[in-house]
Amino acid sequence: MLPTDIGSHATPHAYTAYHPRWLRQPVSTYWWVQKRSYFAFILRELSCLFVAWFVVYLLTLVRAINEGEAAYQSFLTFSARTSVLLLNLVGFLFIVYHAVTFFDAAPQALVVHVGRKRLPSGLVGAAHYLGWMVVSTVVAWVLLGAR
Amino acid sequence: MADRIRLRVGRYRPEMESELVYQEYEVSFDKEWVVLDGLNYIKDRIDGTLSYRWSCRMGVCGSCGMTVNGEPKLTCATFLSDYAPGPVTVTPLRNFPVIRDLVVDLGDFMRKLVRVKPWIVREVERPLADGEYLQTPDELDEYKQFSMCINCMLCYAACPIYGLDPKFIGPAAIALAQRYNLDNRDEGAEERMEVLSEHEGIWGCTFVGECTKVCPKHVDPAGAIQRYKLDAALASIKSYFMPRGV
């Protein structure tokens, strides 16, 4: 007899799916080291911690400047510690990696139209890098020009 | 000139095994032979008990997806000569329960696919007498890429997020939802968003990007998901600043 409602288990003639003894293979805890691209993804996720660290570091700098000369000198002493220098160096490398992977991924998410025409994704990606260069140049000019 | 190569095939026979075991076969092959040809050779000439799915043999039906040397591949589009001198290891697609040998159960995807309504939704259907819903080439180009999906499930097999959280609606279902959202004849974007904005929807994706890399039809499911996220975020911001709409 054919079931009248194969999606419901309430009817007396409900269809019962055939469940043979399926083999389920769980994902290994170490899946992220089994493939280079997975590892690159995990590094990208990890880079967010360093982004957060630089935000905290920058806010601490702003607060030190606001509190006066003594606080600023104390911040400089803290920043000159080997451990902090090392952390900032590793952090910088992760930030660059974060930015590059972000900009490389951006054209996949951002579809830009000019009129009816869709801009090529390469152009969208290039615009991000151009923006990055412009901002970096302005920051460098402010920092170096201030001396 | 025919050459020979060893195929190391994952076997699971529920009446005999409780885990995947490997069986080796040596097959002769020509340079035009794909992995599926090797499996067909085994089935026809060596071991008729081997189970696997296939149909069109030309990258259209999406039935013959398997894991070849650790990578999700369409076996009808994967040449044996690329793996010479071998061996070539063929196992079932990852992240799906195995029914038998290389055959996996795709029921989970089928149930999820229906939830995103992969068809044209109209609030009011025009009468047939009014003719077709015309579309310009530019309007077609907006969604054509996503319409190339053949449901081969390579993207699900490559996605570690789906492997870790089977509730995640997954790359192909979202790409197919986007295919209809970007179709100017469709009016179902809001209904789909209800499903896709769930935690297991678009926000479950952490953009590993492997789905796009393994897609044999260049659908770019990862791109579809990120576009969806951007649209959802913009809609949310818009509703915050303009609660009564434009």
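These figures come from a predicted structure and were not determined experimentally.

**Student:** Which parts of the structure should I look at to understand the overall build of chain B?
**Tutor:** When its secondary structure is counted, chain B shows nine helices and seven strands. Judged by the C-alpha coordinates and their principal axes, chain B covers about 70 × 40 × 30 Å. Expressed as a percentage of its 246 residues, the buried residues of chain B come to 41%. Put simply, of all contacts in chain B between residues at least 6 apart along the chain, 67% involve residues at least 24 apart.

**Student:** How do you make sense of the confidence of the model for chain A when you look at a structure like this?
**Tutor:** For residues with low pLDDT, the predicted coordinates do not support detailed interpretation. Averaged over all residues, the pLDDT of chain A is 86; the fraction at 70 or higher stands at 86%. Under a pLDDT of 50 for its full length, residues 1-10 of chain A has, in the predicted model, 11 contacts with residues more than four places off or in other chains.

**Student:** Is there a simple way to explain the nonpolar core in this structure?
**Tutor:** Taken as a class, soluble globular proteins show a tendency for nonpolar side chains to be buried jointly. Residues and elements named next belong to chain B. In terms of nonpolar packing, the biggest core is built from 64 residues, with Leu-154, Cys-155 and Ile-174 touching the most fellow members. A per-element tally of this core places helix α6 (residues 171-181) first, with seven residues. Domain assignment of the residues forming this core places at least three in each of domain 1 (3-104) and domain 2 (107-241). With residues near it in sequence (within four places) discarded, Leu-154 still touches Gly-65, Pro-72, Leu-74, Val-214, Cys-215 and Pro-216.

**Student:** Would you mind showing me how to read the sheet that holds strand β1 (residues 3-11) of chain B here?
**Tutor:** Strands belonging to one sheet form pairs held by backbone hydrogen bonds; the direction of such a pair is parallel or antiparallel. Residues and elements named next belong to chain B. Spatially, the five strands line up as an open sheet ordered β2-β1-β5-β3-β4, and their pairing is mixed. Strands at the two margins of the open sheet, each flanked by one partner only, are β2 (21-29) and β4 (71-74). Strand-to-strand, the axes of this sheet are offset by a mean angle of 35°, without reference to chain direction. As paired elements, β1 and β2 share nine bridges and run antiparallel to each other. Among the inter-strand pairings, Arg-6 is bridged to a residue of β2, identified as Glu-26. Against the sheet, helix α1 (residues 35-46) touches β1, β2, β3 (65-68) and β5 (88-91), its axis set at about 100° to β2.

**Student:** Where do I start with the interface of chain B and chain A in this structure?
**Tutor:** Of the residues lining the interface, 25 residues belong to chain B; the matching set on chain A comes to 18 residues. Broken down by secondary-structure element, the contributors of at least two residues to the side of chain B that touches chain A are β6 (98-100), α5 (160-164), α8 (210-214) and α9 (221-241) of chain B. Here the side of chain B that touches chain A takes six residues from α9(B), the largest share from any one element. Each residue belonging to the side of chain B that touches chain A can be placed in one class, and the counts come to 12 nonpolar, four polar and nine charged.

**Student:** What exactly am I supposed to notice about the pairing of β5(B) here?
**Tutor:** On a regular strand, one side chain projects to one face of the sheet and the next to the other, so that they alternate. All names here are of chain B. Examined bridge by bridge, β1 and β5 share three bridges and lie parallel to one another. By the bridge assignment for β5, Leu-7 is matched with Val-88. Where β3 meets β5, two bridges bridge the pair, whose relative direction is antiparallel. Bridged to Val-68 within β5 is Val-90.

About the cut-offs
Residues numbered from 1 in each chain as written. Chains lettered and ligands numbered in written order. Predicted model: local features only at pLDDT ≥ 70, side-chain atom pairs only at ≥ 80, totals over all residues. Helix = DSSP H or I, 4+ residues; strand = E, 2+ residues; numbered from the N terminus. Buried ≥ 20, exposed ≤ 12 C-beta atoms within 10 Å, placed from the backbone. Contact = placed C-beta atoms within 7 Å. pLDDT = per-residue confidence, 0-100. Core = buried A, V, L, I, M, F, W, Y, C linked by C-beta atoms within 7 Å. Domains from an automatic or database assignment. Pairing = 2+ DSSP bridges. Axes fitted to C-alpha atoms, helices over the stretch in contact; angles between N-to-C directions. Nonpolar A, V, L, I, M, F, W, Y, C, P; charged D, E, K, R; others polar.

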